[in-house]
Amino acid sequence: MNQSLSRLARLERDVLDDSVALASILRQVLIMGAHASSASLRTWAQQELKGYSDAAGEVPEYRKVLAQLKADVLAGSGHFKGQEISPRDLPEIVEGVGNEVTITWGVHEIQATAGSREGEHIRLAGANMAQVARLMTHDQRERQGNRALAVTSVYWSVSTATPGRHPRPDTYTAH
């Protein structure tokens, strides 16, 4: 009992200490879950540490963030980077791409990525975003009659300071 109490006191101390890495705290939770025979606590801590392998499965709501959909476009001699677009700008064939991104990475990868661009935005692209760019190029060429137009990339721009999520009807998962 005394050892469990000291583990709990250590965890509480570390949670309140900004200098303690989140991964370290999650490893403590993992151990406490084992001692408490809590499979759900162990599973949660493990997924937070290593990432969620099945984004279509149960990923906590706090891992879903709002993100601006953007595109980089070549039009003649002009190169336009970071053009804000709406999911409605995408060809009709593209489904499920919206302004919400599910972050499935482990905490170490999240912290490393966010820390490398503190106060800025990071670019996230799903597995099929190159195909979305090709479809968008074809669609925009047909609509505008401009054969020199090319969408070179479509991605989400996520603030490293994103405070959380707000419910949105249009969602997509980044892997």
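Definitions and cut-offs
Residues numbered from 1 in each chain as written. Predicted model: local features only at pLDDT ≥ 70, side-chain atom pairs only at ≥ 80, totals over all residues. Heavy atoms only, no water. Pairing = 2+ DSSP bridges. Helix = DSSP H or I, 4+ residues; strand = E, 2+ residues; numbered from the N terminus. Axes fitted to C-alpha atoms, helices over the stretch in contact; angles between N-to-C directions. Contact = heavy atoms within 4.5 Å. Expected span 1.5 Å × (residues − 1). Buried < 20%, exposed > 50% of the residue type's maximum accessible area, 1.4 Å probe, protein only. Arc of directions from axis to C-beta. Core = buried A, V, L, I, M, F, W, Y, C linked by side-chain atoms within 4.5 Å.

Enquirer: Where do I start with the sheet that holds strand E6 (residues 149-159) in this structure?
Expert: Reading across the sheet, the four strands line up as E3-E2-E6-E5 and stay open at both edges, with antiparallel pairing between neighbours. At either margin of the open sheet sits one strand with a lone partner, and together these are strand E3 (78-84) and strand E5 (121-124). Ignoring which end each strand starts from, the neighbouring axes of this sheet average 30 degrees apart. Across eight bridges, strand E2 (residues 68-75) lies against E6 in antiparallel orientation. Residue pairing across strands places Gln-68 opposite Ser-157, the latter belonging to E6. Set on the sheet, helix H5 (residues 129-144) makes contact with E2 and E6; between it and E6 the angle comes to about 130 degrees.

Enquirer: What should I look at first to understand helix H3 (residues 39-50) in this one?
Expert: Each full turn of the α-helix corresponds to 3.6 residues, which orients residues three or four apart in the same direction. The end-to-end C-alpha separation of H3 is 16 Å, in line with the 16 Å expected for twelve residues at 1.5 Å each. Turning to H3, its buried residues number three or more, namely Ala-45, Glu-48 and Leu-49. Down the axis of H3, the buried set is contained in an arc of 100 degrees. They therefore lie on one face. Seen from the open side of H3, the exposed residues pointing more than 90 degrees away from its buried face are Ser-40 and Lys-50. Trailing H3 by a residue or two, Gly-51 shows a phi angle of about 105 degrees, which is positive.

Enquirer: What am I meant to see in the nonpolar core here?
Expert: Across soluble globular proteins, nonpolar side chains show a tendency to be buried alongside one another. Counting 22 residues, the largest nonpolar core has Leu-69, Leu-90, Val-151, Val-154 and Trp-156 as the members making the most contacts within it. Within the residue set of this core, elements represented by two or more residues are E2, E5, H5 and E6. Sequence-distant contacts of Val-154, that is, excluding residues within four places in its chain, are made with Leu-69, Lys-70, Ala-71, Ile-85, Ala-125, Met-129, Val-132, Ala-133 and Met-136.

Enquirer: Would you explain the environment of His-121 in this entry?
Expert: You can see His-121 is positioned in strand E5. Between the alpha carbons of His-121 and Ala-161 there is a distance of 8.3 Å; along the sequence they are 40 residues apart. Dropping the residues within four chain positions of it, His-121 is found in contact with Ser-157, Val-158 and Ser-159.

Enquirer: What exactly am I supposed to notice about unusual backbone geometry here?
Expert: Negative phi is the rule for most residues except glycine; trans is the rule for most peptide bonds. In this structure, Ser-37 takes a positive phi of about 55 degrees despite not being glycine. Following the sequence through the fold, Ser-37 ends up in the loop between helix H2 (22-35) and H3. Overall, Ser-37 belongs to the exposed group, its relative accessible area being 63%.

Enquirer: Help me understand H2 in this model?
Expert: Helix length check: H2 (14 residues) gives 20 Å between terminal C-alpha atoms against 20 Å at 1.5 Å per residue, within 8%. Turning to H2, its buried residues number three or more, namely Ala-23, Ile-25, Leu-26, Gln-28, Val-29 and Gly-33. Remark: Ser-37 follows H2 within two positions and exhibits a positive phi of approximately 55 degrees.

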